[in-house]
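Structural overview for review
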Amino acid sequence: MSQRQMRVEDKVMGDSGVMERLAADTKIGYSLDRRFYCDDAVFAADMQRVVGRKWIVAGHIDRVRHKGDYFLFRIGDESIIIVRSDESTVNAFYNVCRHRGSLICTKPQGRVARLTCGYHAWSYGLDGALLAARLMPDDFEKKDNGLQRCHVRVFHGFIFINLADEAPVDFDATFGDLAPYLDFHGFANAKIAHSQSYPTSANWKLIVENFVECYHCVSAHPEFCSMHPAEALVAFGAGPSSGPAEAVEKYLPTVRAWEARAAGLGRPIGTVDDPPDSTHLRLLLQRTIREGYETETQDGRPASSLMGKRAGWDQGRMYLSFSPFTQLVATNDFAVLFLFTPRSTMHTDVDLYWLVDGKASEVDVKRMIWGWDQTTKQDKEITENNQAGILSKHYRPGRYSEHERRVVSFQQWYLAQFGHALA
Amino acid sequence: MSQRQMRVEDKVMGDSGVMERLAADTKIGYSLDRRFYCDDAVFAADMQRVVGRKWIVAGHIDRVRHKGDYFLFRIGDESIIIVRSDESTVNAFYNVCRHRGSLICTKPQGRVARLTCGYHAWSYGLDGALLAARLMPDDFEKKDNGLQRCHVRVFHGFIFINLADEAPVDFDATFGDLAPYLDFHGFANAKIAHSQSYPTSANWKLIVENFVECYHCVSAHPEFCSMHPAEALVAFGAGPSSGPAEAVEKYLPTVRAWEARAAGLGRPIGTVDDPPDSTHLRLLLQRTIREGYETETQDGRPASSLMGKRAGWDQGRMYLSFSPFTQLVATNDFAVLFLFTPRSTMHTDVDLYWLVDGKASEVDVKRMIWGWDQTTKQDKEITENNQAGILSKHYRPGRYSEHERRVVSFQQWYLAQFGHALA
Amino acid sequence: MSQRQMRVEDKVMGDSGVMERLAADTKIGYSLDRRFYCDDAVFAADMQRVVGRKWIVAGHIDRVRHKGDYFLFRIGDESIIIVRSDESTVNAFYNVCRHRGSLICTKPQGRVARLTCGYHAWSYGLDGALLAARLMPDDFEKKDNGLQRCHVRVFHGFIFINLADEAPVDFDATFGDLAPYLDFHGFANAKIAHSQSYPTSANWKLIVENFVECYHCVSAHPEFCSMHPAEALVAFGAGPSSGPAEAVEKYLPTVRAWEARAAGLGRPIGTVDDPPDSTHLRLLLQRTIREGYETETQDGRPASSLMGKRAGWDQGRMYLSFSPFTQLVATNDFAVLFLFTPRSTMHTDVDLYWLVDGKASEVDVKRMIWGWDQTTKQDKEITENNQAGILSKHYRPGRYSEHERRVVSFQQWYLAQFGHALA
């Protein structure tokens, strides 16, 4: 078979051959080839080999507090029903009737006694078992026709799903070490104070690459920068001590002093920084916010009460990336959960959930969302312009700055999912 | 050539190889593979082998009563001009100028003396002959440049077209036996009292499959059910005596008694039930409506006067499927013509025409359309949800109920168009 | 490799094989095969072999009068920044940041001191040199990371760009002989009095084919016809003396008399009529407008003052086609520049600029645009109907009239770009 024919197939079938050649052409320290961002075959491969195999947060437990509460999570072409069946169980099912394939739930959320398909009224229990199907042949077995399960795991309030057909990577081995941090913040009992969607016309990798570097913060995010020490963004913007040596040296004493102070208030101190050959490329990073600020609001004053097990305000923040698809920023009084969900080659859902302490009685939503609402709108514009520029046949992979090291790590991790290493 | 390459070709060319493999994977009694509903190659094959070879109703003669009256019928990528050229002739032409290919008629309907292209004013007679074309070379022959004809046949008021390039299946041999029924209802002289469009984002086969079963009526169509005996929907919903034996036994005496009564009023009694290896899979089925009702309206009272040759109200209804693309429901005082017209893989035009007796003077349109307007809106929602669910990679062909036998017949008929039998 | 496989590749890759087969099927004097107008592979080939190698006008110098003035020109998937860097220099750059590929300019026009990317603030001079990029590795060379240039040439006020990767065809050898005509009209100092966009859902070739023939003028353009001698449209509509012999004979004396009169007023008289094997298929044609009219307005009265070096009103007009993509019509007091810019297979930007003398103080915009605004709206409708008709599988290449000779020339020229001759 000629090289020419191979390429034809790749275009159509989205096999891994295209990835192999593209990976071979990729140089470490440079942005990716345009096909990684624009090609339907690459997106199909991404869905199969990356998105389809990771534990991805679909939402927070606060959306399904009561039995029968459900919401739909859409990813790629899939619609997943996340539903609570009893006090201790949250299930995830593919939203496809076993009869003729109709969507079962058509509203984005609700509370139901059963999952009943609106078409022919096939009715499933909250555990997915088929309960009622009229007039079926005698040899039809209800027990063989329950809803198809999607892997699901609730961990400190976060509902993770995994689209893998086979057994997915072990959850506890992957995320277990995060427990003390999540526990301290009280995420299991947190509640959603606000949520907002910023659907973005860009490939999911552009959205991740944008989020994992702060090289663009100075030029693009004045509100964000106003809440942080300038030296922190340079020194820690791309990961712990990732910035130029002198910037790190300048900021490190501040962090160390804060760590001691925060630890005194009971806060677990530590860092998680997965290498590119890890399964989920997690990052947990804690640092100070702007001096004199108690939280990430316009004036630094709190928007809610202290979250979790906190004994006092410590002027710190935690950034936690569960995976490139799920990001979390936690201040003392609220946290923002970012879900980056691939839908098609050049469309990605970006959904933000603002979480507050489960017992918080007064939340100033407007002040709480000020920073990340502005910043995410800016990021939407930035990444859409990035995608538009990459459509040009004159786009060439460009050199990364020292401030974008974590973008390189992400690309290494991404190519490793296809068995390729960055040269 | 490897199997891999074959599949690439299928994807692109829409040849019959893809149909062969898909047909081989189809099991009788189960819904079809997702590619039948989502794949552009399958749709191209459908247009060529199924849609392109059947007699399909494009409209009713009432739309072209006078010389020069025309309307456009759009099917797939084609626009067809249906135009009356004289008292006894209705023509169908492809709406493509023989000069440079422009649409000739651009308004959906009208009355014209000639068919004149708005671009360079080439002008055709109502019989398609090229009458005027300025400044053409000497060897240009007008007689070779008439409009391209589409096969057309008017039968009891219904305008059938056939897109076949070659001679289509014989019309009279196919539909001749329906004459007595159509004549009794007076369709040749009927008039259109109302029409409405319900364009639906679903593959045409989903729309047909939905229409030929009443398993979903109880859950999805309260208005429709209110006008019918519950036992009739179970016993006759999927064809004459198609329901479970006990339901048929329960309802059959009612039908038989009605047949005797209706025959007494001059109504032709009988059934047509084409097998899956027929060319058009016709079905003609007559039965009673809800007891005490005279017609299919909310309160059962008439919305118009008696249609056709009726001597009195007989509380019956006729369901007539000319083909999967053309459905007809006739009560005593009005009939509803359903046109299901494939436009693209996941878009189908659904157009309803309410017909009344040609001499009807007072028609209560609102009451007349109540049932089928509601029902068709519900069907649009149902089939769009069905299509959306089938997009999931987790859709699996599901088992049919006993109430969906005619869906199975439709699938057998459909696959037979490609020379395949359901295993 | 079988013929079948070849075609699969063509569909996907847009190589020149498809063009070869299509060209072989094309007959001189007939409209083109539908694939030329509808097929993405053909469009990709067009962009590479035709659009990508021609000098195409992107706009008039009046848009970038002052240092830092810029506008964006979009063609295919490309966005080009046209920007003035000093009094004597206009540059054209691909609007793609060398860092990560973002669009640099996102507003359609403006005035800037530098070209600064909104993403990470990489900043380029007006000459494209990279001036600022923070925190880059030591071995990063700014001089290797300037903006990518697009070939650009300003000629008598018209800004030509050329997307060729290699050295494009020599500009002066191609257009130099037009200088006297352009100079007389004063285009270098003209100003834009009005501009308007008419984006058209049709392949670019349909738009060109429509513009280069006046066979449709009588039926489609009453306003246009009202401003011209009927015999001129027949005799000269498809090029100098292109009409039927008797029409030419009838009109020629009028033109000759006008030429003498106009020459007396200092106007350069002459004709340019490139053959189909030329690089740009230029046409320059001068003739009279309607008797008694001074310009192309509804009542023939001027809408502005005399353009350029004119000594008096001469009742003539110049039609100048720089290439199929750039057309110009000049009356005594204003000129209309037509830019036909391919964007995708069935979408073309159509942008009109009305130019007046640089010293014109009072311009009656409403009266000036009356003719071409109406005419271009009509052309948009005509070509969109043409495209819609060609989608039909029953479209067949049709015979051209004697009045469409220049469409044939265009097609010969077009196929010659792929190395094919019309049989």
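As a starting point, this report considers the structure included with it. (Residues numbered from 1 in each chain as written. Chains lettered and ligands numbered in written order. Predicted model: local features only at pLDDT ≥ 70, side-chain atom pairs only at ≥ 80, totals over all residues. Heavy atoms only, no water.)

**Quick word on the interface of chain C and chain A**
Opposite the 32 residues of chain C that make contact, chain A presents 37 residues. When chain C packs against chain A, close to 3000 Å² is buried across both sides, 52% of that on carbon and sulfur atoms. For the pair chain C and chain A, the interface holds four salt bridges. Counting every contact that joins chain C to chain A gives 18 residue pairs in polar contact (both at pLDDT 80 or more). Here the side of chain C that touches chain A gets five residues from one element, more than from any other, and that element is helix H1 (residues 3-13) of chain C. Along the lines of polarity and charge, the residues of the side of chain C that touches chain A split into 15 nonpolar, eight polar and nine charged. (Contact = heavy atoms within 4.5 Å. Buried area = accessible area lost by both parts, 1.4 Å probe. Salt bridge = Lys/Arg side-chain N within 4 Å of Asp/Glu carboxyl O. Polar contact = N/O pair within 3.5 Å; in protein donor to acceptor, adjacent residues only side chain to side chain. Helix = DSSP H or I, 4+ residues; strand = E, 2+ residues; numbered from the N terminus. Nonpolar A, V, L, I, M, F, W, Y, C, P; charged D, E, K, R; others polar.)

**Some thoughts on the sheet that holds strand S6 (residues 115-116) of chain C**
All names here are of chain C. Overall, antiparallel pairing links the three strands, which are arranged S6-S7-S8 in an open sheet. Whereas interior strands pair on both sides, the edge strands pair on one side only; in this sheet they are S6 and strand S8 (130-132). Alignment of S6 against strand S7 (residues 123-124), held across two bridges, turns out to be antiparallel. Considered in S7, the bridge of Leu115 is made with Tyr124. (Pairing = 2+ DSSP bridges.)

**Regarding the state of the cysteines**
Using the criterion set out here, one finds three disulfides over all chains in the structure. In this model, Cys214(A) is linked to Cys217(A) through a disulfide, with the two sulfur atoms separated by 2.0 Å. Judged by the sign of its S-S torsion, about -110°, the bond between Cys214(A) and Cys217(A) is left-handed. Each member of the pair Cys214(A) and Cys217(A) is classed as buried. Sulfur of Cys225(B): no disulfide; nearest cysteine sulfur belongs to Cys217(B) and is 5.3 Å away. Free cysteine Cys150(C): the closest other cysteine sulfur is in Cys105(C), separated by 14 Å. (Disulfide = S-S within 2.5 Å. Buried < 20%, exposed > 50% of the residue type's maximum accessible area, 1.4 Å probe, protein only.)

**Section: the interface of chain A and chain B**
On the side of chain B, 37 residues touch chain A, which itself brings 32 residues to the contact. In this structure, the connection of chain A to chain B is made through four salt bridges. Salt-bridge contacts for Lys393(B) lead to Asp77(A); the nearest nitrogen and oxygen are separated by 3.8 Å. Linking chain A with chain B are 18 residue pairs in polar contact (both at pLDDT 80 or more). In terms of residue count, the dominant contributor to the side of chain A that touches chain B is helix H1 (residues 3-13) of chain A (five residues). In terms of residue class, the side of chain A that touches chain B is built from 15 nonpolar, eight polar and nine charged.

**Quick notes on the relation of the copies chain A and chain B**
Overlay of chain A on chain B (RMSD 0.0 Å): rotation 120°, translation along the axis 0.0 Å. Such a turn and shift between the copies fits a three-fold axis. Different-surface contact between copies: only 9% of interface residues of chain A are shared with the interface of chain B. (Least-squares fit on C-alpha atoms with pLDDT ≥ 70 in both.)

**Side note on the pairing of strand S1 (residues 56-60) of chain C**
Residues and elements named next belong to chain C. For S1, the buried fraction is high: five of the five residues fall into the buried class. Where S1 lies against strand S10 (residues 158-162), four bridges are found, and the strand directions are antiparallel. The residue of S10 that forms the bridge with His60 is Phe158.

**Structural notes on the packing of aromatic side chains**
Across all of its chains, the model carries 75 aromatic pairs over all chains by this definition. Ring geometry for Phe211(A) against Tyr319(A): centres 6.3 Å apart, planes inclined by 45°, an arrangement best described as tilted. Of the two residues, Phe211(A) sits in helix H7 (residues 204-211) while Tyr319(A) sits in strand S14 (residues 316-323), which places them 108 residues apart along the sequence. This pair shows no difference in class: Phe211(A) is buried, exactly as Tyr319(A) is. Aromatic side chains Phe171(C) and Phe175(C) sit 4.8 Å apart centroid to centroid with 40° between the ring planes, which places their arrangement in the tilted category. Within this pair, Phe171(C) and its partner Phe175(C) are both found in helix H5 (residues 171-175), separated by four residues, close to a single helical turn. Ring pairs connect the aromatic residues Trp55(A), Phe155(A), Phe158(A), Phe160(A), Phe171(A), Phe175(A), Phe187(A) and Phe322(A), which therefore count as one cluster. We note Arg63(A) situated over the ring of Phe71(A); from NZ or CZ to the ring centre the distance is 4.2 Å. (Phe/Tyr/Trp six-rings, centres within 6.5 Å; stacked < 30°, edge-to-face > 60°. Lys NZ or Arg CZ within 6 Å of the ring centre and 35° of its normal.)

**Quick word on the packing of helix H7 (residues 204-211) of chain C against helix H12 (residues 365-390) of chain C**
Residue and element names in this part refer to chain C. Running from N to C, H7 and H12 cross one another at 130°; their axes reach a closest spacing of 10 Å. As summarised for this structure, H7 and H12 are arranged oblique, according to the angle between their axes. Crossing geometry of H7 relative to H12 is assigned as right-handed. In contact with Leu206, Ile207, Asn210 and Phe211 of H7, H12 contributes Trp372, Asp379, Ile382, Thr383, Asn386, Gln387 and Ile390. The class makeup of the residues in the contact of H7 with H12 is six nonpolar, four polar and one charged. (Axes fitted to C-alpha atoms, helices over the stretch in contact; angles between N-to-C directions. Parallel < 35°, antiparallel > 145°, perpendicular 65-115°, else oblique. Left-handed = near helix turned anticlockwise from the far one by under 90°.)

**A short note on the sheet that holds strand S5 (residues 109-111) of chain B**
All names here are of chain B. Pairing in this open sheet of four strands is antiparallel, and the strands run S4-S3-S2-S5 from one edge to the other. Of all the strands in the sheet, the pair left with one neighbour each is strand S4 (89-94) and S5. With direction set aside, neighbouring strand axes in the sheet form an average angle of 25°. Where strand S3 (residues 78-86) lies against S4, six bridges are found, and the strand directions are antiparallel. The residue of S4 that forms the bridge with Val83 is Asn91.

**Looking at the side chain of Glu209(B)**
Within the element layout of this structure, Glu209(B) appears in helix H7 (residues 204-211). For Glu209(B), which is buried and forms no salt bridge, the nearest opposite charge comes from Arg100(A), at a distance of 4.2 Å. (Lys, Arg positive; Asp, Glu negative; His and termini not counted.)

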